[in-house]
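Structure assessment
Chain residues, written in single-letter form:
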Amino acid sequence: MRVLEPWVADPLAEFLRESSARVALVMTSAGQVIAQHGFTRSLDVMSAAALGAGILATTGELARIIGTAGNFGAVVHQGEQQGVWLAGFDTPRGRWIALVTFGRESSVGLVRLFFARFAEQLAAATPPATAVREVLAEGFERELDDSLRALFGGS
Amino acid sequence: MSGDRWQQILREVTGVPGVRGALILSADDGLVVAESAMDALDTADVAALAAMLVSRAGRCAAAMGTAAPTAVHLTARHGALVAVAGPEPLWLAAVADHDAELGRLRLLLGDFAGAIG
C-alpha cells in the first residue's frame, strides 16, 4: 500500500483486510491520488483515477436527469471473476472517491459494509486542516515527483 | 415465487418467539433480496456477513472433501444466526435472541428454504 497522507493508511489497511478487496484507489474528486493498493504502474493508477472520476461524474449527471436528490451512493460493476465498487464519500477534506476491485473471495455486500466503516474511520482520523500550500509553477514538477515516489516507491 | 409469498414466509419466521429478523439473501453478492426485521437490526450488514460465513463454510467443506453446507448455525453469547440454503444462490436466514426456540426456528427455515426460489 502507498499513501500520500499517512493517516489514511490504517483505515485503508483495515478496510482491505476486512473486505478482502484486491485493489483500492482513493483520490480527491479533482483526481489527485491519495492512496493506492494493488497497482504496480503509475500509468494504471492515473488511467483508473481518470476513468473512475469520469464514471462517477456520468452517474451524477444521470442522477440529476432522473431527478434523484444528490448523487448515487455507489456504482458497482459485477463481472464473472471480479467486481468494481466505485463510490464518492464526504471527508473533512472534501469529497473523495474510492475505486475498489474485489474477487469471488469477497462480495458487493461485504465491500459495502466495510466501506461505510472505512469512510467513518477516515473522517475520525483526519487531522485538522492546515493552510493549503500554493503550488508554484517552478515547484510543480518536484511536487509531482514527490507524490509519485510516495505512491510507487523508488528514487 | 412472488414478493408477497416471500414476505409471508419471512413474517412466519419472525413470528417465532425471540426472532429479531429474517431475510432472504443472495450468497453470491451478500445483498438482501427480501427482509422482515425489527428496526434495530441492520439486515444489509447481516446479509453481507452471513454470505461471507456461508462462503467460508463452503470452502471449509470443500477442503474436508464433504458436500457443500446446506445450513449454517452460528451461536454467540447474546444470540444466534441460522441460515438455510434455498435454490442457488439464495439463503433464508434469521437472527434470534439467545433464548429463542432455535430448534423450531431451524425446522421452520428448513421447511421454507426450498420454497423461496
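The structure under discussion appears in the preceding block.
Remember, predicted model here, so these are calculated numbers, not experimental data. (Residues numbered from 1 in each chain as written. Chains lettered and ligands numbered in written order. Predicted model: local features only at pLDDT ≥ 70, side-chain atom pairs only at ≥ 80, totals over all residues.)

As for the overall build of chain B
Stated formally: The secondary structure listing takes helices from DSSP runs of H or I that are at least 4 residues long and strands from runs of E that are at least 2 residues long, numbered from the N terminus. We take the radius of gyration over the C-alpha atoms and set the globule estimate at 2.2 Å times the residue count to the 0.38 power.
The helix and strand inventory of chain B stands at three helices and five strands. Its helices and strands in sequence order give chain B the pattern α-β-β-α-β-β-β-α, from N to C terminus. At 13 Å, chain B has a C-alpha radius of gyration in line with the 13 Å of a compact globule built from 117 residues. For chain B, the spread of C-alpha atoms along the principal axes amounts to about 35 × 35 × 25 Å.

Brief notes about the overall build of chain A
Note the threshold: Contact definition: two residues whose C-beta atoms, as placed from backbone geometry, lie within 7 Å.
The number of helices and strands found in chain A is four helices and six strands. The linear arrangement of helices and strands in chain A, starting from the amino end, is β-α-β-β-α-β-β-β-α-α. In chain A, the proportion of contacts linking residues at least 24 apart, taken out of those at least 6 apart, comes to 57%.

Things to note about the interface of chain B and chain A
Taken together, the contacts link ten residues of chain B with seven residues of chain A. No other element matches the six residues that helix α2 (residues 43-64) of chain B contributes to the side of chain B that touches chain A.

Details of the sheet that holds strand β4 (residues 74-78) of chain A
Residues and elements named next belong to chain A. For clarity, the cut-off: Any two strands between which DSSP finds at least two bridges are classified as paired. Axis lines are fitted to C-alpha atoms, over the contacting stretch for helices. Their N-to-C directions set the angle, which ranges from 0 to 180 degrees.
Pairing is antiparallel across the open sheet formed by six strands, whose spatial order is β1-β3-β2-β6-β5-β4. Of all the strands in the sheet, the pair left with one neighbour each is β1 (2-3) and β4. The sheet contact formed by β4 and strand β5 (residues 83-91) spans five bridges and is antiparallel. Among the inter-strand pairings, valine 75 is bridged to a residue of β5, identified as leucine 86. Relative to β5, helix α3 (residues 108-125) is tilted by about 25°, and along the sheet it contacts β4, β5 and β6 (94-102).

Some thoughts on the pairing of β5 of chain A
Residues and elements named next belong to chain A. Between β4 and β5, which pair antiparallel one after the other, the connecting turn spans four residues. Of the pairings in the sheet, the one linking β5 to β6 comprises nine bridges and is antiparallel in character. From the neighbouring strand, glycine 88 faces β6, where its bridge partner is isoleucine 97. What sits between the antiparallel neighbours β5 and β6 is a turn of two residues.

Details of the pairing of strand β1 (residues 19-26) of chain B
All names here are of chain B. We count it as follows: Between the buried cut of 20 or more and the exposed cut of 12 or fewer other C-beta atoms within 10 Å of a residue's own C-beta lies the partly exposed class, and all C-beta atoms are placed from the backbone.
Of all eight residues in β1, six are buried, a share of seventy percent or more. Bridge count for β1 against strand β2 (residues 31-37) is six bridges, and the pairing is antiparallel. When the bridges of β2 are listed, serine 26 appears paired with leucine 31. Linking β1 to β2, which pair antiparallel, is a turn of four residues; within it glycine 30 sits at a positive phi near 70°.

Details of the packing of helix α1 (residues 9-19) of chain A against α3 of chain A
All names here are of chain A. Worth spelling out the cut-off: Here roughly perpendicular refers to angles of 65 to 115 degrees, roughly parallel to angles under 35, roughly antiparallel to angles over 145, and oblique to all remaining angles. The handedness criterion is simple: a crossing whose near helix is rotated anticlockwise from the far helix by less than a right angle is left-handed, and one whose near helix is rotated clockwise is right-handed. Gly is placed with the polar residues, together with every amino acid not listed as nonpolar (Ala, Val, Leu, Ile, Met, Phe, Trp, Tyr, Cys and Pro) or charged (Asp, Glu, Lys and Arg).
At a minimum axis distance of 9 Å, the contact between α1 and α3 shows a crossing angle of 165°. One element, α1, and the other, α3, form an angle in the roughly antiparallel class. Taken as a pair, α1 and α3 cross one another with a handedness that is right-handed. In this structure, α1 contributes Asp10, Pro11, Leu12, Glu14, Phe15, Glu18 and Ser19 to the contact, and α3 contributes Leu110, Val111, Phe114, Phe115, Phe118, Gln121, Leu122 and Ala125. Class assignment for the residues of the contact of α1 with α3 results in ten nonpolar, two polar and three charged.

A short note on the packing of helix α1 (residues 3-14) of chain B against helix α3 (residues 102-113) of chain B
Residues and elements named next belong to chain B. Following both chains from N to C, one finds α1 and α3 inclined at 170°, their axes separated by 10 Å at the closest point. Of the possible angle classes, the one that applies to α1 and α3 is roughly antiparallel. Along its contact with α1, which presents Ile9, Glu12 and Val13, the element α3 presents Leu108, Leu109 and Phe112. Partitioned by chemical class, the residues of the contact of α1 with α3 number five nonpolar, no polar and one charged.

Structural notes on the environment of arginine 95 of chain A
With respect to the helices and strands, the residue arginine 95 of chain A is situated in strand β6. Each C-alpha atom of the pair arginine 95 of chain A and valine 111 of chain A lies 19 Å from the other, and the pair is 16 residues apart in sequence.

Considerations on the nonpolar core
For soluble globular proteins, nonpolar side chains are generally found buried alongside one another. As a reminder, the rule being used: In this usage, the nonpolar core is the set of buried Ala, Val, Leu, Ile, Met, Phe, Trp, Tyr and Cys residues whose C-beta atoms join them within 7 Å.
Among the nonpolar cores identified, the biggest contains 68 residues, and Trp91 and Ala93 of chain B are the most heavily contacted of them. With eight residues, α3 of chain A is the single largest residue contributor to this core. Aside from chain neighbours lying at most four places away, what touches alanine 93 of chain B is Ala22, Leu23, Leu25, Val46, Ala50, Leu81, Val82 and Ala83 of chain B.

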